[in-house]
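Analysis of the macromolecular model
If you want the building blocks of each chain, they are given just below.
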Amino acid sequence: MKPVYLDNNATTMSAPEVVAEMLPYLSEFYGNPSSMHSFGGRVGLRLKQARSDIAGTLGCQPDEIIFNSCGSEGDNTAILSALAAQPDKRHIVTTRVEHPAVLSLARHLEEKGYEVTYLGVDEKGRLDMAELGQAIRKDTAIVSIMYANNETGVIFPLPEIAALCKARGVLLHTDAVQAVGKIDIDLAKLPVSMLSLSGHKLHAPKGVGVLYVRKGTPFRPFLIGGHQERGRRAGTENAAGIIALAKAMTLAKEHMVAENTQVKALRDRLEAGILAAIPHSLVNGDTEHRLPNTSSIAFKFVEGEAILLMLDQYGICASSGSACTSGSLEPSHVLRAMGVPFTYAHGSIRFSLSRYTTDAEIDLVLEKLPGIIETLRRMSPFRDEEAAKPACTC
Ligand SMILES: *Cc1c(COP(=O)(O)O)cnc(C)c1O
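What counts, and at which threshold
- Residues numbered from 1 in each chain as written.
- Predicted model: local features only at pLDDT ≥ 70, side-chain atom pairs only at ≥ 80, totals over all residues.
- Heavy atoms only, no water.
- UniProt positions renumbered as here; feature names shortened; annotations may be inferred.
- Domains from an automatic or database assignment.
- Contact = heavy atoms within 4.5 Å.
- Buried area = accessible area lost by both parts, 1.4 Å probe.
- Salt bridge = Lys/Arg side-chain N within 4 Å of Asp/Glu carboxyl O.
- Near = heavy atom within 4 Å.
- Polar contact = N/O pair within 3.5 Å; in protein donor to acceptor, adjacent residues only side chain to side chain.
- Nonpolar A, V, L, I, M, F, W, Y, C, P; charged D, E, K, R; others polar.
- Pairing = 2+ DSSP bridges.
- Helix = DSSP H or I, 4+ residues; strand = E, 2+ residues; numbered from the N terminus.
- Axes fitted to C-alpha atoms, helices over the stretch in contact; angles between N-to-C directions.

As recorded in an unreviewed UniProt entry, the chain goes by Cysteine desulfurase and comes from Solidesulfovibrio aerotolerans. Taken directly from UniProt, the Sequence similarities (unreviewed entry) text for the chain runs: "Belongs to the class-V pyridoxal-phosphate-dependent aminotransferase family. NifS/IscS subfamily." Quoted verbatim from the Catalytic activity (unreviewed entry) heading of the UniProt record, the comment on the chain is "(sulfur carrier)-H + L-cysteine = (sulfur carrier)-SH + L-alanine".

Below, the structure written as structure tokens:
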């Protein structure tokens, strides 16, 4: 049975057009793009085209693109490169709501003696720009702030953040893994130093990503070896993956407005339906500045994991806020940073839609979810007289 797949912020289905584009480079055209012979050279030429297509969708130069394996690699490379290239600067600024690819690295670097400032967010998941301004110091090597949050979909004001960092002369990296393909990004106008993105979050396959490095940014490679990517990232190119990524980014750019409108309408219908049918439920995060596909909803008095298991019985795939800390009973670090009350944070579910989401799928969730929450609340150890009160208006 086909799943009702509402977990697109975790990963996406490769688009059929994308798979079609890459397949010949997994079978027929397997040459090494660095080889002297024309069989490999042919792949090299196709990669050149892919690099130029991707640069076109981002508004940057082809040689500012470094292909790599994933978003985590881009995040790690950007931060480690900034530290290696500026050995006198030992301070990093980031936020408390970043992906573990940034946060776990930051903790690791603290253990190595670097200093990290973690900016907090308000109850809607928003940053305080004044706080960012105060956090930047003479010895700040890099500011790393995500474009859009994977759990709540909250979008940070990157144009403002970039302008501030530029004025203060500090490098800025943005983890744009959730933003690329959903938000129109023009690097000609957005003065970030580095940006990371990942193929599998935008309908390309897993195992390919990009780190954009603006011309003039000091850079030290993370993988050292062959001269691929102009000596900035060793390793034989994932040719099929890169070709797939170029196709996925071109498709996303072409259809962004139409898709966002359609996906947002489905997301809003899902959200409104849930809030109307289920008392003691609320949306986590700033609903005004939010990705069109993401909805994080908190249900008081229940466990997110229990909801997921019951949804799974109907083939519905969603995610709990604590996906990255699964196995522990700690609510997600993002919801904790927002100060979402414990009884709500534990029962938070993230639905993330895509252009492949259908009306019928939303109908199924709206049909099944109220019963699931009711069943779980009847068994809930957290249940008290408050649950019997009429729905709050929050
Ligand atoms: C998924 C994700 C990553 C990690 O990307 P991978 O390609 O899985 O390594 C980093 N940041 C954000 C915001 C993400 O959603």
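Once the structure has been displayed, the description carries forward.
1. Points about the domain arrangement of the chain
Each assigned domain of the chain is listed with its residue range as follows: domain 1 (16–254) and domain 2 (256–385). The C-alpha-based centres of domain 1 and domain 2 are spaced at 29 Å. Listed as interface residues are 31 residues of domain 1 and, on the opposing side, 24 residues of domain 2. For the pairing of domain 1 and domain 2, the buried interface totals around 2400 Å² over both sides, and the portion due to carbon and sulfur atoms is 58%. Considering only the side of domain 1, the residues that lose the most area to domain 2 are Glu151, Thr152 and Lys182, jointly responsible for 30% of the buried surface there. At the junction of domain 1 and domain 2, the tally comes to zero salt bridges.

2. Observations concerning the site of the ligand
Among the 13 residues in the neighbourhood of the ligand, the closest are listed as Ser72, Asp175, Gln178, Ser198 and Lys201. Contact between the ligand and Ser72: an oxygen atom at 2.7 Å from a side-chain N or O atom of the residue. Between the ligand and the protein, one listed contact pairs an oxygen atom with a side-chain N or O atom of Gln178 at 2.7 Å. Taken together, the residues that form the shell around the ligand break down as three nonpolar, seven polar and three charged.

3. Topic: the sheet that holds strand β12 (residues 319–320)
The four strands are arranged β9-β10-β13-β12 in an open sheet whose pairing can be described as antiparallel. Bordering the open sheet on either side are β9 (281–283) and β12, each of which pairs with just one other strand. Bridging between β12 and strand β13 (residues 348–352) involves two bridges; their strand directions are antiparallel. The partner of Ser320 across the bridge, within β13, is Ile349. Of the strands in this sheet, β9, β10 (294–299) and β13 are in contact with helix α8 (residues 239–277), which crosses β10 at around 10°.

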